[in-house]
Amino acid sequence: SSGINAEYGGYNLGPLLEDHAEAIAPQWALDIGFTDVKGVNLVPNVVANITERPCFGIFTESDPNTPIAWLCIYSAGSIGMLHVKEGHRGKGLGRILVRHCLKVIQDTHGMECRSHACCQKFNAASRNLLFSEGWELQPVNYKKLYFRTPGQS
């Protein structure tokens, strides 16, 4: 995990920890296609993701222990599981996470790494965020795969 702890106007950016898995798991289940999350225990999967790869969250000053937004970096420079909780959308938090993770990817894999992200077709906010950050669409199966070519701003 990264040693970052940056402040953004009442919000703090920092690494996700194993303790955050419980708060993230229900939304993660919905994001990967579980329509009924009762009886689904993804906490072990979330813990594995958080402990095996760089994952970052944004926290409020009033509740510094519960992430209100998060994003993970996967192998070969891909990003996934971007989520911003309802009451915090439209404030640029997703953009902060995407930009931070892209910097981590470039620091880890080099500036020439071609990153990719998956986004569900109906998720216009994530799609628009990726486009505005220089990502290009490559349709694949039920999701949309976005690529960001090195050197784009």
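Residues numbered from 1 in each chain as written. Predicted model: local features only at pLDDT ≥ 70, side-chain atom pairs only at ≥ 80, totals over all residues. Heavy atoms only, no water.

1. A look at the overall build of the chain
Looking only at helices and strands, the chain has four helices and eight strands in total. Classification of the 153 residues of the chain by burial places 42% in the buried group. Considering only contacts in the chain between residues 6 or more positions apart, those separated by 24 or more positions represent 53%. Here the chain displays about 8,300 Å² of accessible surface, and carbon together with sulfur accounts for 51% of that area. (Helix = DSSP H or I, 4+ residues; strand = E, 2+ residues; numbered from the N terminus. Buried < 20%, exposed > 50% of the residue type's maximum accessible area, 1.4 Å probe, protein only. Contact = heavy atoms within 4.5 Å. Areas by Shrake-Rupley, 256 points an atom, 1.4 Å probe, with all protein chains shown as cover.)

2. Comments concerning the pairing of strand β3 (residues 55–60)
For β3, the buried fraction is high: six of the six residues fall into the buried class. Judged from the five bridges that link them, β3 and strand β4 (residues 67–73) form a sheet pairing that is antiparallel. Following the sheet pairing, Gly57 is matched in β4 by Trp70. Remark: six residues form the turn of the hairpin made by β3 and β4, two consecutive strands paired antiparallel. (Pairing = 2+ DSSP bridges.)

3. Some details on helix α4 (residues 124–132)
For an α-helix the count is 3.6 residues per turn, leaving residues at separations of three or four pointing the same way. Residues of α4 that are buried: Ser126, Leu129 and Leu130. Axial view of α4: buried residues confined to an arc of 95°, hence all on one face. One or two residues past the end of α4 sits Gly134, with phi positive at roughly 95°. (Arc of directions from axis to C-beta.)

4. A word on the state of the cysteines
Here the structure, examined in full by the defined rule, presents one disulfide. Here Cys55 is linked by a disulfide to Cys72, with a sulfur-sulfur distance of 2.3 Å. The chirality of the disulfide connecting Cys55 with Cys72 is right-handed, given an S-S dihedral of about 115°. On the criterion of sequence distance, the pair formed by Cys55 in strand β3 and Cys72 in strand β4 is long-range, its members being 17 residues apart. For the pair Cys55 and Cys72, a shared accessibility class is recorded, and that class is buried. (Disulfide = S-S within 2.5 Å.)

5. Some thoughts on the pattern of salt bridges
In total, this model carries four salt bridges according to the counting rule given. The salt bridge partner of Asp107 is Lys103, with a shortest N-O separation of 3.0 Å. Of the two residues, Asp107 and Lys103 are both situated in helix α3 (residues 93–109); the distance of four residues between them amounts to about one turn of the helix. (Salt bridge = Lys/Arg side-chain N within 4 Å of Asp/Glu carboxyl O.)

6. A look at the environment of Ile24
Position of Ile24 relative to the elements: it lies in helix α1 (residues 21–31). For Ile24, a relative accessible area of 0% corresponds to the buried category. Between the alpha carbons of Ile24 and Val46 there is a distance of 7.5 Å; along the sequence they are 22 residues apart. In this view, Ile24 contacts Leu16, Val46, Ile50, Pro67 and Trp70; residues no more than four positions away in its chain are not counted.

7. Focus: the confidence of the model for the chain
On average, the chain scores 80 in pLDDT, and the residues at 70 or more come to 76%. Ranking the elements of the chain by mean pLDDT puts strand β8 (residues 143–148) last, at 55, and β3 first, at 95. (pLDDT = per-residue confidence, 0-100.)

8. Re the side chain of Ser78
Looking at the secondary structure, you find Ser78 in strand β5 (residues 78–84). Residue Ser78 is classed as buried on the basis of its relative accessible area, which comes to 8%. Sequence-distant contacts of Ser78, that is, excluding residues within four places in its chain, are made with Cys72, Ile73, Ile105 and His116.

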